[in-house]
Amino acid sequence: MFISKWKEALICLKAGRVTLPYPFVPRPTAEGFRGQPEVDGRRCIGCGECATVCPPRLITLVDDGDSRALKVDYSRCTYCARCADVCPEKAIRLGNNYELATSQKEDLTMTVNLKMANCSLCGKPFAPERLLRKTGEKLTGGEFGQEAPEWLSWCPECRKTKQAKALGGVEAKDHV
Amino acid sequence: MTREELTRKLTEHLGKALPAMSTAGNMLLVKIKAEDLPTLAGYVFNQLGARLITTVGTDRTPLTGNYEVSYLFSFDRADLFLSLKVEIDPANPVIESVTPVIPGADWAEREVRDLIGVVPKNHPDPRRLVLADDWPEELYPLRKDFPYDYKPPQATVAGPRMKKAPEQATVMTVGPFFPTLEEPAYFRLFVEGERIVGSDYRGFYSHRGIEKLADTVLDYNKITFLAERICGICGFVHSCCYCQAVEAAAEIEVPARAKYIRTIMLELERLHSHLLWLGLAGHIIGFDTVLMQSWRIREQLMWLTEQITGNRKTYGMNLVGGVRRDIPEKLQPKIKEVLAKVESESRQVVEAIAGDTTLLMRLQNVGYLSAADARSFCVVGPTARASGVDIDSRRDHPYAAYPDLQFTVPVYNEGDTWARTLVRLDELFVSIDLVRQALGRLPGGPIMAENTEVPPEREGLAVVEAPRGECCHYVLTGTDRPERWRVRASTYPQLQAAPSMFANQTVADAPIIIGSIDPCFSCTERMETVDVESGKLRVYTREELLKAGRAGCKGGDSRA
Ligand code: SF4
Ligand code: SF4
């Protein structure tokens, strides 16, 4: 009995004080830490990949007239980094911030606004300009002077009508 | 027992051919007639010695027009699972209860009734288990025609569905919020003087409808992260078990390196969990030195997992088909260094407290659970192994890298709180050794399967030995997402055995008895809604208890 009490006391004495002076001194994070996701608004092209994989579905794309908003609600983030994994533009990384507590819910939201491009046929805004530019670059291999295909500037509906017309033409001929 | 032997025995017992049979991995799926269920289930459990894992209720009306209820059994030493599946006509959704034969089926059958609406006839405790008492009657949230975001109007409650205390007994409540329980749980202890003569339990306050969310809104990989958040302590177990269930269903070949990384993380998680438990157990009985020291030792593991995974908990490592982060070469010396420190420091603590008579007096002969009760309530993990039931899914149903590793399974026969402590203390050192072995043999190669496609209409069952015992995930695949995902956490069976452990104990020991099963209430509850009161385990009558007391406090289960 007494022996074990001695042993216990010794363990405590040997360990000494182990608590950190947090929050007066910040607690460093490990390399590769998954803290608050940081979205770089200058790189984001509004493709929505991050919104598709986010498990708590806290990233949403809202199209309003000639702008698309990428909205992030950090209050439900699970710091899984799936968004960062899939972002084709490396516009998201998980930073070192883990102190998100706040009394203002608005502090936990973030919005990226992207300008939409208008359809060259009907004039309706249909996709972010940056997304189209990036897609164009990908299609042409980013070669200088290479023109992006014409259909890239058509909205999905116009593309469909065009396609239907083209097909319709073929069919009509077949019937003759 | 092999699959063929089992099929032969079932056919012989039934006296006629089994209607339909198929296999999925190491699971034998047998479709049976509803009227044959009690006899077959009883035969499998009592004569063939299988253990009931859980039941799964599925609404298959869009496809077959029926409901289905599967009773999942495990033949532990044979690495064989058996699913007895019954189809039920929605016009008459009634099934004969097997709880009178298998006490451990109690909650699982009530859950199927609450969520799917298949009523277990002659169930000894027909009260609600999962749904809140103010949830409307005849509204079953896991049915396919129930929208996941529907909020029904509150029903008027006739009164809380609590068990009446025996006459002369005083009711003492522990919970729904109680200092030593971090999660809501409501125990009502019936006491005479200082003795507990019966008990009642109401839980499922943390039920949040995740299974519904999974089969309506999420996709296969999103569920991995939701699964991880089922538990704040053994979250990796859940994400791993879920992935393994999908991988089993889809026959996805997980690369060896990913399997080893999963094993390493599983064992690191067990280490931190057991040290956390030891501290809490110390705290419950007022021995805070143990709390401080074991949590100090544990903290090193938390820093280590932060370095490996990017966070001290909720590692976010798993995806269907493998893991997302590698364990780089440069981290391995660090892991070994932390293991060495944790090992020597834990040894010192274990040696010191092993001779502490105050501690022994609080834990020995307290909260006794007989081997017979452990088996009939189908308990798992350290709680089972402390009552002489030698089961461990790492050895019995080897998964991840466990088939390649050598380890012992500590088993004690005393069945008391001290035995449950010893099992966990021994397991600390087994886990440290397992991480070392896995690191030593860590194979090279990719960490994610190439093809992770999941075909529809396949069933997959996976078990993972969580720190608290076997955790089970079942998946029936659908298009883009599971058609059904069922989670059975390890505390689910243990809580059903709690009344047996309370029997004839003093009130002062109740918190440590609850603590000794290392309960994880939110894990157990998952899913949907919040609750008022009701639900129970079983109440001992005075006579039963007196008899039990005379029989050396062995529970006295009249149903067993
Ligand atoms: S870290 Fe995970 S939860 Fe958070 S925004 Fe990214 S994908 Fe969503
Ligand atoms: S994936 Fe990247 S580029 Fe696409 S919307 Fe999200 S942040 Fe923007």
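Owing to the predicted nature of the structure, the values given are computational and were not obtained by experimental measurement. (Residues numbered from 1 in each chain as written. Chains lettered and ligands numbered in written order. Predicted model: local features only at pLDDT ≥ 70, side-chain atom pairs only at ≥ 80, totals over all residues. Heavy atoms only, no water.)

With that out of the way, let us pick up the layout of surface pockets. Estimated volume of the largest pocket: approximately 710 Å³. Those elements giving two or more residues to the lining of the largest pocket turn out to be helix 1 (2–15) of chain A together with helix 8 (288–309) and helix 9 (332–354) of chain B. Looking at the lining of the largest pocket, the element that brings in the most residues is helix 8 of chain B, giving nine residues. Of the residues contributing to the lining of the largest pocket, the split by class is 10 nonpolar, four polar and eight charged. Computed from the structure, the second largest pocket encloses a volume of approximately 570 Å³. Along the walls of the second largest pocket sit 26 residues, with Gln 244, Ala 248, Pro 398, Tyr 399 and Leu 461 of chain B positioned nearest its centre. Listed by contribution, the elements that provide at least two residues to the lining of the second largest pocket are helix 6 (235–250), helix 7 (256–284) and strand 13 (459–466) of chain B. Among the elements that make up the lining of the second largest pocket, the one with the highest residue count is strand 13 of chain B (five residues). Its residues assigned to classes, the lining of the second largest pocket shows 14 nonpolar, five polar and seven charged. Residues from two domains meet in the lining of the second largest pocket; each of domain 1 (3–161) and domain 2 (210–542) of chain B gives at least three. (1 Å grid on protein atoms, 1.4 Å probe; cavity = no way out; pocket = protein on both sides within 12 Å on 5 of 7 lines; lining within 4 Å. Points joined across faces, edges and corners; volume = space filled by probe spheres on them. Helix = DSSP H or I, 4+ residues; strand = E, 2+ residues; numbered from the N terminus. Nonpolar A, V, L, I, M, F, W, Y, C, P; charged D, E, K, R; others polar. Domains from an automatic or database assignment.)

This part takes up the sheet that holds strand 5 (residues 80–88) of chain B. Residue and element names in this part refer to chain B. Taken in spatial order, the five strands make up an open sheet running 1-2-5-4-3, and their pairing is mixed. Only two strands of the sheet have a single partner each, and these edge strands are strand 1 (20–24) and strand 3 (51–59). Neighbour to neighbour, the strand axes of the sheet diverge by 20° on average, direction disregarded. Together, strand 3 and strand 4 (67–75) form the strand contacts of helix 3 (residues 106–115), whose direction differs from that of strand 3 by roughly 5°. (Pairing = 2+ DSSP bridges. Axes fitted to C-alpha atoms, helices over the stretch in contact; angles between N-to-C directions. Contact = heavy atoms within 4.5 Å.)

In this section: the nonpolar core. If you look at the biggest cluster of nonpolar residues, it comprises 164 residues, and the most contacted ones within it are Phe 73, Leu 82, Phe 187, Tyr 242, Leu 268 and Trp 485 of chain B. In terms of residue count, the dominant contributor to this core is helix 7 of chain B (13 residues). Both domain 1 (3–161) and domain 2 (210–542) of chain B contribute no fewer than three residues apiece to this core. When near neighbours in sequence (up to four residues on either side) are disregarded, Leu 268 of chain B contacts Leu 301, Leu 304, Thr 305, Ile 308, Leu 339 and Val 435 of chain B. Leu 58, Tyr 74, Cys 87 and Leu 100 of chain A belong to the second-largest nonpolar core, a separate cluster that totals 22 residues. (Core = buried A, V, L, I, M, F, W, Y, C linked by side-chain atoms within 4.5 Å. Buried < 20%, exposed > 50% of the residue type's maximum accessible area, 1.4 Å probe, protein only.)

Here the focus is the UniProt feature "binding site: Ni(2+)" (unreviewed entry) in chain B. All names here are of chain B. UniProt records the feature "binding site: Ni(2+)" (unreviewed entry) for Cys 231, Cys 234 and Cys 520 in the present numbering. In three dimensions, the annotated residues from a span of 290 residues occupy one location, with a maximal C-alpha spread of 9.4 Å. With a relative accessible area of 2%, Cys 234 lands in the buried category. Residue placement: Cys 520 occurs in the loop between helix 16 (510–516) and helix 17 (521–525). (UniProt positions renumbered as here; feature names shortened; annotations may be inferred.)

We now examine the site of ligand 1. Inspection of the region around ligand 1 gives Pro 37, Cys 54, Pro 55, Pro 56, Leu 58, Ile 59, Cys 77, Thr 78, Tyr 79, Cys 80, Ala 81 and Cys 83 of chain A as its neighbouring residues. Here ligand 1 occupies the largest cavity. (Near = heavy atom within 4 Å. Sits in = over half its atoms within 2 Å of the grid points.)

Residue and element names in this part refer to chain B. The positions UniProt marks with the feature "binding site: Fe cation" (unreviewed entry) are Cys 234 and Cys 523. Each residue touching Cys 234, except ones within four places of it in the same chain, is listed here: Glu 269, Ala 466, Pro 467 and Arg 468. Structurally, the position occupied by Cys 523 is in helix 17. The contact partners of Cys 523, leaving out residues within four places of it in the chain, are Glu 183, Ile 230, Cys 231, His 238 and Ala 489.

Residue and element names in this part refer to chain B. In terms of burial, helix 2 (residues 37–47) is a largely internal element, eight of the 11 residues being buried. All buried positions along helix 2 are accounted for by Leu 37, Pro 38, Leu 40, Ala 41, Gly 42, Tyr 43, Val 44 and Phe 45. A positive phi of about 70° marks Gly 49, the residue just after helix 2.

Frequently, the measure chosen for interface size is the accessible area removed from exposure when the parts meet. All names here are of chain B. Examined at the domain level, chain B breaks down into domain 1 (3–161) and domain 2 (210–542). In this assembly, 54 residues from domain 1 lie in contact with 46 residues from domain 2. Both faces considered, domain 1 and domain 2 share a buried interface measuring about 4,200 Å² in area, 54% of it formed by carbon and sulfur atoms. Broken down residue by residue, the surface that domain 1 buries against domain 2 is led by Arg 51, Trp 107 and Tyr 148, which jointly contribute 16%. Along the contact surface separating domain 1 from domain 2 lie nine salt bridges. We note a salt bridge from Asp 215 to Lys 144, for which the minimum N-O separation is 3.8 Å. Across the domain 1-domain 2 interface, the total number found is 23 residue pairs in polar contact (both at pLDDT 80 or more). Sort the elements by how many residues they give to the side of domain 1 that touches domain 2 and strand 3 lands first, with eight residues. Split into classes, the residues belonging to the side of domain 1 that touches domain 2 amount to 29 nonpolar, eight polar and 17 charged. (Buried area = accessible area lost by both parts, 1.4 Å probe. Salt bridge = Lys/Arg side-chain N within 4 Å of Asp/Glu carboxyl O. Polar contact = N/O pair within 3.5 Å; in protein donor to acceptor, adjacent residues only side chain to side chain.)

Counting across every chain of the model gives 52 salt bridges over all chains. Here Glu 8 of chain A makes a salt bridge to Lys 5 of chain A, at a shortest N to O gap of 3.3 Å. In this pair, Glu 8 of chain A and Lys 5 of chain A are both assigned in helix 1, three residues apart and thus about one turn of the helix distant. The exposure class of Glu 8 of chain A is buried, given its relative accessible area of 6%. For Glu 137 of chain B, the salt bridge goes to Arg 128 of chain B, with nearest N and O atoms at 3.8 Å. Salt bridges sharing partners connect three or more residues here, namely Glu 267, Arg 270, Arg 385, Asp 392, Arg 394, Glu 427 and Glu 465 of chain B.

On to the environment of Arg 110 of chain B, then. Residues and elements named next belong to chain B. Among the structural elements, Arg 110 can be located in helix 3. With 13 residues separating them along the chain, Arg 110 and His 123 place their C-alpha atoms 8.4 Å apart. Here the side chain of Arg 110 touches Asp 125 through a polar contact of 3.3 Å, side chain to side chain.

Once that is clear, we can look at the packing of aromatic side chains. Each aromatic ring pair is characterised by the separation of its centres together with the angle its planes make. All names here are of chain B. Tallied over the entire structure, the rule returns 13 aromatic pairs over all chains. A centroid spacing of 5.6 Å and a plane angle of 70° characterise the contact between Tyr 242 and Trp 485, whose relative ring orientation is edge-to-face. Here the residue Tyr 242 occupies a position in helix 6, and Trp 485 occupies one in strand 15 (residues 482–488), the gap between them amounting to 243 residues. Of the two residues examined, Tyr 242 and Trp 485, each falls in the buried class. Through pairs of rings, three or more aromatic residues link up here, namely Trp 107, Phe 187, Tyr 201, Phe 204, Tyr 492 and Phe 502. (Phe/Tyr/Trp six-rings, centres within 6.5 Å; stacked < 30°, edge-to-face > 60°.)

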